[in-house]
Amino acid sequence: MTMNQFKEKVLEPIFYSLPIRLLILHLRKNQLLLLCWVLLFSVVMGSFGKNLGIPYLFLDPEYLGKVDFLSFFIVGISMGGFTMAYHITCYILDGPDFGFLGTLSRPFAKFALNNGIIPCIFIVTYIIYIVNFQLQNEFNDPLDILIKVAGLLAGFVTMLILLIIYFRLTNKDIFRYVASNVDKRLKKARVSRVRVMLNLKKAKKSYRRVDSYFNLKCQLQKAPVVSYDKEIVLKVFDQNHLNSVIIEILIFVMILGLGIFRDKTVFQIPAAASGVLLLTIIIMVTGAITYWLRGWATTTIIAFFFMLNLVIKYDWASASYEAFGLNYQKAPAAYTLENLHELNRKDYYQQDKQATIEILENWRKRVLTQKGDSLHKPKLVLICTSGGGLRSALWTMVALQAADSVTQGGLMNHARLITGASGGLIGAAYFRELVLKEKLKLRPPAPVILAANSVETTPSVYSPLYLDNISQDNLNPVIFTLLVNDLFVRYQTFDYLGLNYTIDRGYAFEEQLNKNTGYVLDKKISDYIEPEREALIPMMLLTPAIVNDGRKLFISPQRVSYMAGYQDEGGEEHEKIKGIDFMRFFERHQAGDLRFLTALRMNAAFPYVTPNVTLPTNPKIQIMDAGLTDNFGVSDAVRFMHVFQDWINENTSGVIMLCIRDSQKNDPINEPSGTSLLQRMTAPFRFFYDNLFNTQDINNDDRLEFARSWLKVDLHPISIEYVSHQQKVGIKYTGAHQYKPIERPSLSWRLTGREKNSIIQNINQSENQQALQKLKQLLEE
């Protein structure tokens, strides 16, 4: 075969085939639709959102606490719906460009079949990455993986079949229109109606081509038959388009309906399915708008966004998120410099400082009673835990369990303050509550020492059960609520302490965390006033950042105005007030009734995942993650030491600052990445984000260095760090072991099984074991 023959018989038929022409048309015209596919490819291949754990939501979807056939089946259903929405939208936008489709039977089915190149490539790619992930990260045997892949394909095919059946029953093709018109005209014609209809049916069945109908028309010269023209073809497309829009509207209504039952866990579909549904809505809206508005679609979309911007700007439709427990019906507090100075007066400073000194005295008496030595000066422990989502929550829990266990309860007996950010404080709050219940005899007081292969029937605060609890998925309900509720109309409400609040994804986050932790954290912050005052548990200081001006909001059951503005001996304030005392500032708004889970969420308000809370002030202030100002809590611990330095110097033998970090402080220095044009354009932003925590570390080290100059007792910083390492893992289906490099777990509210195991085992690293032994030695002095 010559080159010309090969080109004519092979290349040209392929190039001019309908699938390739549709693909080229999408590249030229439908970039928005292709962008959705690019996003999906990027996610499953780990090129998008890997640091946030987004790919794991697709590669290891969780439903009802399990990753199994059903969870993949639901993701498959959502992918099938997305694929059909893609076909429908393309058919609406591009079908008329291929007019001959209107002359075929079931034109939409043939269009979708030829439009399937991208969906087919994606499904194959998706399956390959699922298999690889399950082998490398979850270490499942081939049968388990086969079942999961079968679930995905079953869901995908099920949705396609259901929608194809719908279109087959409702869509009309050219044959139905011609037959209908012929039937009408034959009523006035002399030709046998039966004979003509039989010929029509025979032609349709034998040839499925329009030529048969043209030949048939020649037999009807004496009958006034309708002409086969463009008008009939357009009717076919319009009728098919209408059915497509109807199914899109039904899917949209179904999604909104899921919001009504969002509190039922059975309706909380995997986060991956929720994300795909969001893309489905985007594609469907694009198709519907284009169908109804034609050439005005782009102008209408631009006008809509301008109108939406005005509505939000002038607060015509409030989209604020509230702090549960605060009374928003009261007049808003004035957030002005004058009011800030008024609430940070010297007398308030002294009152709050003296109240905290009484707490420290109660703690000292309690420790001396335990020691049986009235002359003993105990070590004061300050716990600083870093933010980092569920990764940090689990690591903090692991570290506190290990540290308190190795010191035989000494850590929590000597700890007087816990600071930090995001997930770290959530883990610390959970452990602190378990310790409180143990001291109040609400839980078996003695640690349970397990023999080999024994069963733990009376869990203590050191039980692995609590590690399982704190590490459970907290992302699915948040993403699901974002999809079915927050993105549209937040119409559901709930009551808390007699006040009514709107349900949002913040509420979903709190309820899931509440469920995961056995409902032990479902308290008001004022419920901790007495336990902290009696020194049963250490104080906890939550310090979310105020978006308006970068100041800190100091949330504590106690009044802590001394944290907001330092007073020198003359009683004069610094020019810059560093924050506000939540309990005093919002006293009229029932600050003590703030839900503790809400306070934890405010301190962990990760952008876009959990919403920024708006507080009842004038002007309104919004709250963001504490990691924005100090992700490690060291600056607040140093300020606390500085305020109470005289008492510490007189009544303690030293300060231990236990820093629990979910990252290595001294990371290896990496080679600079390539400097493409895009990288150069984004370099200033990347520098700020990539080095934010490094800058905080340097500033915190400076604070600790200065602290040694005014602290008369020894200061002992101890770090317990999570560091990625090589982990020995077993392969279930071979019984062999191999070492796998463990990447740092993602910054997310969901962890894979491999990530959980890596975090739990990391406490056994030699550096961490040395830190624990150093802590034990210092507390025994």
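Anything mentioned here points back to the structure above.
Residues numbered from 1 in each chain as written. Predicted model: local features only at pLDDT ≥ 70, side-chain atom pairs only at ≥ 80, totals over all residues. Heavy atoms only, no water.

Visitor: Got a minute to help me understand the sheet that holds strand E13 (residues 654-661) in this structure?
Guide: Either a parallel or an antiparallel arrangement is found when strands of a sheet pair, and the pairing is made through backbone hydrogen bonds. Here 5 strands make up an open sheet; going across it, the order is E6-E3-E2-E13-E14 and the pairing parallel. The open sheet terminates on both sides in strands that have one partner only, identified here as strand E6 (539-540) and strand E14 (715-721). (Pairing = 2+ DSSP bridges. Helix = DSSP H or I, 4+ residues; strand = E, 2+ residues; numbered from the N terminus.)

Visitor: Which parts of the structure should I look at to understand the nonpolar core?
Guide: Nonpolar side chains in soluble globular proteins tend to end up buried together. Membership of the largest hydrophobic core comes to 145 residues, with the highest contact counts inside it found for Leu553, Phe582 and Leu615. When residues in this core are grouped by element, the largest group, 13 residues, is from helix H5 (residues 69-94). Counting 37 residues, the second-largest nonpolar core is a separate cluster that includes Leu417, Val638, Trp647 and Ala707. (Core = buried A, V, L, I, M, F, W, Y, C linked by side-chain atoms within 4.5 Å. Buried < 20%, exposed > 50% of the residue type's maximum accessible area, 1.4 Å probe, protein only.)

Visitor: Would you explain the packing of aromatic side chains in this entry?
Guide: A ring pair, where both rings are aromatic, is described by two values, the distance of the centres and the angle of the planes. Counting across every chain of the model gives 23 aromatic pairs. The interplanar angle of 90° and the centroid separation of 4.9 Å between the aromatic rings of Phe324 and Phe494 together place this pair among those described as edge-to-face. One end of the pair, Phe324, is in the loop between helix H14 (297-313) and strand E1 (333-334); the other, Phe494, is in strand E4 (residues 493-496), and 170 residues separate them in sequence. A single burial state applies to Phe324 and to Phe494, both of which are buried. On the basis of an interplanar angle of 75° and a centroid distance of 6.0 Å, the ring pair of Phe632 and Phe693 is categorised as edge-to-face. Within this pair, whereas Phe632 is found in the loop between strand E12 (621-624) and helix H26 (634-643), its partner Phe693 is found in helix H29 (residues 692-710), the two being separated by 61 residues in sequence. An aromatic cluster is defined as three or more aromatic residues linked by ring pairs; in this entry it consists of Trp37, Phe41, Phe82, Tyr86, Phe122 and Tyr126. (Phe/Tyr/Trp six-rings, centres within 6.5 Å; stacked < 30°, edge-to-face > 60°.)

Visitor: Which parts of the structure should I look at to understand helix H6 (residues 107-114)?
Guide: Every α-helix carries 3.6 residues per turn, so stepping three or four residues along brings you back to the same face. Among all positions of H6, only Pro107, Phe108, Phe111 and Ala112 are buried. All buried residues of H6 fall inside an arc of 130° around its axis, so they share one side. (Arc of directions from axis to C-beta.)

Visitor: Is there a simple way to think about the pairing of strand E5 (residues 499-502) in this case?
Guide: When a strand is regular, its side chains alternate between the sheet's two faces. Side chains Leu499 and Tyr501 of E5 all project onto a buried face; the interleaved residues Asn500 and Thr502 project onto a face where none is buried. Note: E4 against E5, 4 bridges, orientation antiparallel. Looking at the pairing, Tyr496 lines up with Leu499 of E5. Taken together, E4 and the strand that follows it, E5, pair antiparallel across an intervening segment of 2 residues, in which Leu497 is found at a positive phi of about 55°.

Visitor: Could you clarify how one ought to interpret empty space enclosed by the protein in this entry?
Guide: Rolled over the atoms, a probe sized like a water molecule indicates the empty space that remains. Applying the stated criterion to the full structure yields 7 cavities of 30 Å³ or more. In this structure, the largest cavity encloses a volume near 50 Å³. Taken together, Leu390, Ile426, Ile470, Gln472, Asn474, Phe509, Leu513, Asn516 and Trp749 make up the lining of the largest cavity. For the lining of the largest cavity, the leading source of residues is helix H22 (residues 505-516), giving 3 residues. Partitioning the lining of the largest cavity into residue classes produces 6 nonpolar, 3 polar and no charged. (1 Å grid on protein atoms, 1.4 Å probe; cavity = no way out; pocket = protein on both sides within 12 Å on 5 of 7 lines; lining within 4 Å. Points joined across faces, edges and corners; volume = space filled by probe spheres on them. Nonpolar A, V, L, I, M, F, W, Y, C, P; charged D, E, K, R; others polar.)

Visitor: Just checking my understanding: could you explain the pattern of salt bridges for this structure?
Guide: Oppositely charged side chains may form a pair once their charged atoms are brought near each other. In this structure the tally under the stated criterion is 21 salt bridges. The salt bridge partner of Arg391 is Asp662, with a shortest N-O separation of 2.7 Å. Taken together, the positions of Arg391 in helix H17 (residues 389-406) and Asp662 in the loop between E13 and helix H28 (677-690) put the pair 271 residues apart, joining distant regions of the chain. Assigned by exposure class, Arg391 and Asp662 land together as buried. Measuring nitrogen to oxygen at the nearest pair gives 2.9 Å for the salt bridge that ties Arg595 to Glu510. Of the two residues, Arg595 is situated in the loop between helix H24 (582-585) and helix H25 (596-603) and Glu510 in helix H22; the sequence distance between them amounts to 85 residues. Here Glu510 falls in the buried class, since its relative accessible area comes to 0%. Each of Glu510, Glu511, Asp522, Arg595 and Arg601 takes part in one network of salt bridges that share partners. (Salt bridge = Lys/Arg side-chain N within 4 Å of Asp/Glu carboxyl O.)

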